[in-house]
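Listed below, chain by chain, are the residues.
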Amino acid sequence: MTRRLISETSSTEESQPKHEAIAATNTERGVLERSGVLLAGLVLWAALTTAGPTGTAPIGPYFRRRNEIAAESSTAELERDPELAKQVEQIFKQGASEFFQDGMYGHFSRALLAVLAQHGRAAFRAIAEYVFSGSGSANVVSEALRWLADFDDPATLPERWAILQRTLQDRSPQVRDGAILGFAALDDPRARSLLLQTQASEPIPELRRLIQQVVDQLNATHAALPPQR
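A quick note: this is a predicted structure, and the numbers were derived from the prediction, not measured.

(A) The environment of Ser 97, seen in detail. Within the element layout of this structure, Ser 97 appears in the loop between helix H4 (82–95) and helix H5 (107–119). For Ser 97, a relative accessible area of 68% corresponds to the exposed category. In this structure, the C-alpha to C-alpha distance between Ser 97 and Phe 108, residues eleven residues apart in sequence, is 9.6 Å. A polar contact of 3.0 Å, which involves the side chain of Ser 97, links it to the backbone oxygen of Gln 94.

Shown next as structure tokens:
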């Protein structure tokens with residue numbers, strides 16, 4: 001799995017990621033508030049997947065073709081699959097007991113990639129629903145974002161972009177770290193403006209520096225593209 005020489009920098013900011021899950025599932029919030037968070041996330045998901053990637057305009061024939069494929073795939077309506085949602089939830093919960101090594105396959109990554117390969121866009125919707133619910137471990141969500149971004153399927157670009165864009169604003173530094181590295185894995189220059197906007201509001205210096213590293217990478221990718229005709 002490609003990491004582009006960019007390493008994680010926020011692990012010291014959050015030494016106990018399970019606290020995120022505990023805070024997110026605190027019963028004092030109540031079922032209605034959790035439902036509201038989920039609904040808001042799904043509304044944002046629908047808006048982002050319809051609009052497709054934003055930021056720098058597509059450049060060159062490669063990006064134009066990828067955007068065309070992504071736009072076509074985003075028009076199809078997907079019904080919620082309760083069984084798939086349960087399967088995704090179980091994968092994430094089992095991942096909470098796993099020790100992750102950067103770029104190395106494990107039980108969690110293999111299970112995640114398997115469900116994506118089998119169910120495609122429907123799996124991305126189920127994953128987005130779980131991630132946006134706020135009930136997952138920040139450590140597991142962060143790991144998932146990098147594997148989702150690296151999933152080699154142009155047709156799911158809107159889904160991957162939507163999840164990464166939403167989690168750039170997550171309250172957990174560890175999740176934001178995963179989203180930033182996810183955009184590094186996408187290596188799409190159109191993300192530069194989005195990342196620069198995020199950098200301006202990011203409170204953690206280490207993450208601001210990580211964003212700059214990714215922007216520099218995307219600038220290099222853009223410079224290496226053939227001239228647009």
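(B) Quick peek at empty space enclosed by the protein. Applying the stated criterion across every chain, the model contains three cavities of 30 Å³ or more. Its volume calculated, the largest cavity comes out at about 50 Å³. Around the largest cavity, the lining residues are Glu 79, Arg 80, Asp 81, Leu 84, Ala 85, Ala 122, Arg 125, Ala 126 and Glu 129. The element contributing the most residues to the lining of the largest cavity is helix H6 (residues 121–133), with four residues. Taken together, the residues of the lining of the largest cavity sort by class into four nonpolar, no polar and five charged.

(C) Spotlight on the pattern of salt bridges. Per the counting criterion, the structure on display carries eight salt bridges. A salt bridge links Asp 177 to Arg 146, with the nearest nitrogen and oxygen atoms 3.4 Å apart. Remark: Arg 146 occurs in helix H7 (residues 138–149) and Asp 177 occurs in helix H9 (residues 173–186); sequence separation between them is 31 residues. Here Asp 177 and Arg 146 have matching classes, each one buried. For Glu 206, the salt bridge goes to Arg 209, with nearest N and O atoms at 3.9 Å. You can see Glu 206 and its partner Arg 209 sitting in helix H11 (residues 205–224), three residues apart, about one turn around the helix. With a relative accessible area of 24%, Glu 206 lands in the partly exposed category. What you see here is one network of salt bridges that share partners, running through Asp 102, Arg 146 and Asp 177.

(D) Structural context of the nonpolar core. Core analysis: the largest hydrophobic core is formed by 50 residues, its most contacted members being Phe 92, Phe 108, Leu 112, Leu 116, Ile 127, Phe 183 and Leu 195. For this core, the secondary structure elements donating two or more residues are H4, H5, H6, H7, helix H8 (157–167), H9, helix H10 (192–201) and H11.

(E) Just the packing of aromatic side chains, in detail. Summed over all chains, the structure comprises six aromatic pairs. Here Tyr 105 and Trp 147 contribute two aromatic rings whose centre-to-centre distance is 4.9 Å and whose plane-to-plane angle is 35°, an arrangement assigned as tilted. You can see Tyr 105 sitting in the loop between H4 and H5 and its partner Trp 147 sitting in helix H7, a full 42 residues away along the chain. Here the aromatic residues Phe 92, Phe 100, Phe 108 and Tyr 130 are joined through ring pairs into a cluster of three or more. Sitting over the face of the ring of Phe 132, Arg 166 holds its NZ or CZ atom 5.6 Å from the ring centroid.

Scoring rules and cut-offs
- Residues numbered from 1 in each chain as written.
- Predicted model: local features only at pLDDT ≥ 70, side-chain atom pairs only at ≥ 80, totals over all residues.
- Heavy atoms only, no water.
- Helix = DSSP H or I, 4+ residues; strand = E, 2+ residues; numbered from the N terminus.
- Buried < 20%, exposed > 50% of the residue type's maximum accessible area, 1.4 Å probe, protein only.
- Polar contact = N/O pair within 3.5 Å; in protein donor to acceptor, adjacent residues only side chain to side chain.
- 1 Å grid on protein atoms, 1.4 Å probe; cavity = no way out; pocket = protein on both sides within 12 Å on 5 of 7 lines; lining within 4 Å.
- Points joined across faces, edges and corners; volume = space filled by probe spheres on them.
- Nonpolar A, V, L, I, M, F, W, Y, C, P; charged D, E, K, R; others polar.
- Salt bridge = Lys/Arg side-chain N within 4 Å of Asp/Glu carboxyl O.
- Core = buried A, V, L, I, M, F, W, Y, C linked by side-chain atoms within 4.5 Å.
- Phe/Tyr/Trp six-rings, centres within 6.5 Å; stacked < 30°, edge-to-face > 60°.
- Lys NZ or Arg CZ within 6 Å of the ring centre and 35° of its normal.

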